[in-house]
Amino acid sequence: MSEITINQEESDLEYQALKVIEDLERDALASSSAPSQRDFARALNLSVGMTNAIIKRLVGKGWLVMNRINGRNLSYALTPDGTRELARRSYRYLRRTIGNVVRWKDAIDRVVLRGKEAGCDRVLLIGDSDLDFIVEHAAGRHGMVFLMKAYEGISDLRDQSTEVLKDTMLIYSERIEFLVSESHHIDIRSIYLSEVLM
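Residues numbered from 1 in each chain as written. Predicted model: local features only at pLDDT ≥ 70, side-chain atom pairs only at ≥ 80, totals over all residues. Heavy atoms only, no water.

### Some details on the packing of helix α2 (residues 37-44) against helix α3 (residues 48-60)
Right, so step 1: Contact pair α2 / α3: the axes reach a minimum separation of 9 Å and the direction vectors enclose 100 degrees. Judged by the inter-axis angle, α2 sits roughly perpendicular to α3. Two secondary-structure elements touch here, α2 through Q37, R38, F40, A41 and L44 and α3 through V48, T51, N52 and I55.
Right, so step 2: Along the lines of polarity and charge, the residues of the contact of α2 with α3 split into five nonpolar, three polar and one charged. (Axes fitted to C-alpha atoms, helices over the stretch in contact; angles between N-to-C directions. Helix = DSSP H or I, 4+ residues; strand = E, 2+ residues; numbered from the N terminus. Parallel < 35°, antiparallel > 145°, perpendicular 65-115°, else oblique. Contact = heavy atoms within 4.5 Å. Nonpolar A, V, L, I, M, F, W, Y, C, P; charged D, E, K, R; others polar.)

### Describing the pairing of strand β4 (residues 145-149)
If a strand is regular, its side chains alternate between the two faces of the sheet.
Right, so step 1: Here strand β3 (residues 122-126) pairs with β4 via five bridges, running parallel. Looking at the pairing, L125 lines up with M148 of β4.
Right, so step 2: Handedness of the crossover joining β3 and β4 through helix α5 (residues 132-141): right-handed. (Pairing = 2+ DSSP bridges. Right-handed = clockwise from strand over helix to strand, strands pointing away.)

### Let's talk about the pairing of strand β5 (residues 168-172)
Right, so step 1: In terms of burial, β5 is largely enclosed, as five of its five residues are buried.
Right, so step 2: Alternating residues of β5 divide into T168, L170 and Y172 and M169 and I171, and every residue in both groups is buried.
Right, so step 3: Relative to β5, β3 runs parallel, the two sharing five bridges. Residue pairing in the sheet places L125 in a bridge with I171 of β5. (Buried < 20%, exposed > 50% of the residue type's maximum accessible area, 1.4 Å probe, protein only.)

### A short note on the environment of F40
Right, so step 1: Turning to its location among the elements, F40 is positioned in helix α2.
Right, so step 2: Given a relative accessible area of 1%, F40 falls into the buried group.
Right, so step 3: Between the C-alpha atom of F40 and that of V20, which follows or precedes it by 20 residues, the distance is 6.9 Å.
Right, so step 4: Beyond its immediate stretch of four places on either side in the chain, F40 contacts V20, I21, L24, E25, P35, T51, I55 and Y76.

### Considering α2
Right, so step 1: Those residues of α2 not exposed but buried are Q37, F40, A41 and L44. In a view along the axis of α2, the buried residues occupy a sector of 100 degrees, so they form one face of it. In α2, the exposed positions angled more than 90 degrees off the buried face are occupied by R38 and R42.
Right, so step 2: Phi turns positive, to about 60 degrees, at N45, one or two residues after α2. (Arc of directions from axis to C-beta.)

### Side note on a nonpolar patch on the surface
Right, so step 1: Where nonpolar side chains cluster on the molecular surface, the patch consists of L94, I98 and V102 and spans about 260 Å² of accessible area.
Right, so step 2: On the accessibility criterion, V102 (43% relative accessible area) is partly exposed. (Patch = residues over 30% accessible without salt bridge, like charges linked within 9 Å, V, L, I, M, F, W, Y side chains within 5 Å. Areas by Shrake-Rupley, 256 points an atom, 1.4 Å probe, with all protein chains shown as cover. Salt bridge = Lys/Arg side-chain N within 4 Å of Asp/Glu carboxyl O.)

### A look at the side chain of H142
Right, so step 1: Within the secondary structure layout, H142 lies in the loop between α5 and β4.
Right, so step 2: Excluding residues that lie within four positions of it along the chain, H142 makes contacts with D109, V112, L113 and K116.

### A look at the nonpolar core
Note on soluble globular proteins: their nonpolar side chains tend to be buried together.
Right, so step 1: One finds I108, V112, V123, V135, I171 and L193 to be the most contacted residues of the largest nonpolar core, which totals 19 residues.
Right, so step 2: Those elements that provide at least two residues to this core are α4 (80-117), β3, α5, β5 and α8 (193-196).
Right, so step 3: When neighbours within four sequence positions are excluded, V112 is seen to be in contact with V123, A138, A139, H142, M144, M169 and I171.
Right, so step 4: Ranked by size, the runner-up nonpolar core spans 14 residues in total, among them F40, W63, L64 and L86. (Core = buried A, V, L, I, M, F, W, Y, C linked by side-chain atoms within 4.5 Å.)

### A word on the sheet that holds β5
Right, so step 1: The strand order β4-β3-β5-β6 describes an open sheet built from four strands, whose pairing is parallel. Two strands lie at the open edges of the sheet, namely β4 and β6 (189-192), each paired on one side alone. Here the strands of the sheet are splayed against their neighbours by 20 degrees on average, with no regard to which way each runs.
Right, so step 2: Strands β3, β5 and β6 of the sheet are contacted by α4, whose axis makes an angle of about 155 degrees with β5.

### Brief notes about unusual backbone geometry
Right, so step 1: Phi is positive for N45, close to 60 degrees, though the residue is something other than glycine.
Right, so step 2: According to the relative accessible area criterion, N45 is exposed, its value standing at 70%.

This is the structure in structure tokens:
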């Protein structure tokens, strides 16, 4: 694993920890019960030991303060520098996400346009997708009908004749793994979103 990948993972863990601490502390103010490191670990889906290491790193960077409430309990609070760091990273995360959505929109639009040029007049998105709104937009932009079908219902699709589906472009959700045995490349245009998003 490269140093850049490790630093990105550490940075992401720090961001997640800052966000979780902010959220749990806000909840604690409302309920007047301080969250424990175990609560932080559960929210981060990490071990208590790893969570402790991250908390110590955040304290060392001056982004977090710990105050002893009693012999066993600690309270945590973001410092002004920690709040600024959280805002900076949130902004960076939002910019990266928007950039990804724009790239995915362009890639999906190209795929749908190829389907339109190949004679398809419908786009059928198979499976639950976080990107369904992008596929629907691309279909509408190119004058195609947009349909969705749960992956569990795919077996009745296989029973359809290729004649019924010949004008339909099948797009499999990014959550569906590529299965060579599921090839519909005879008369039907089909693609997996995971291939498009690479």
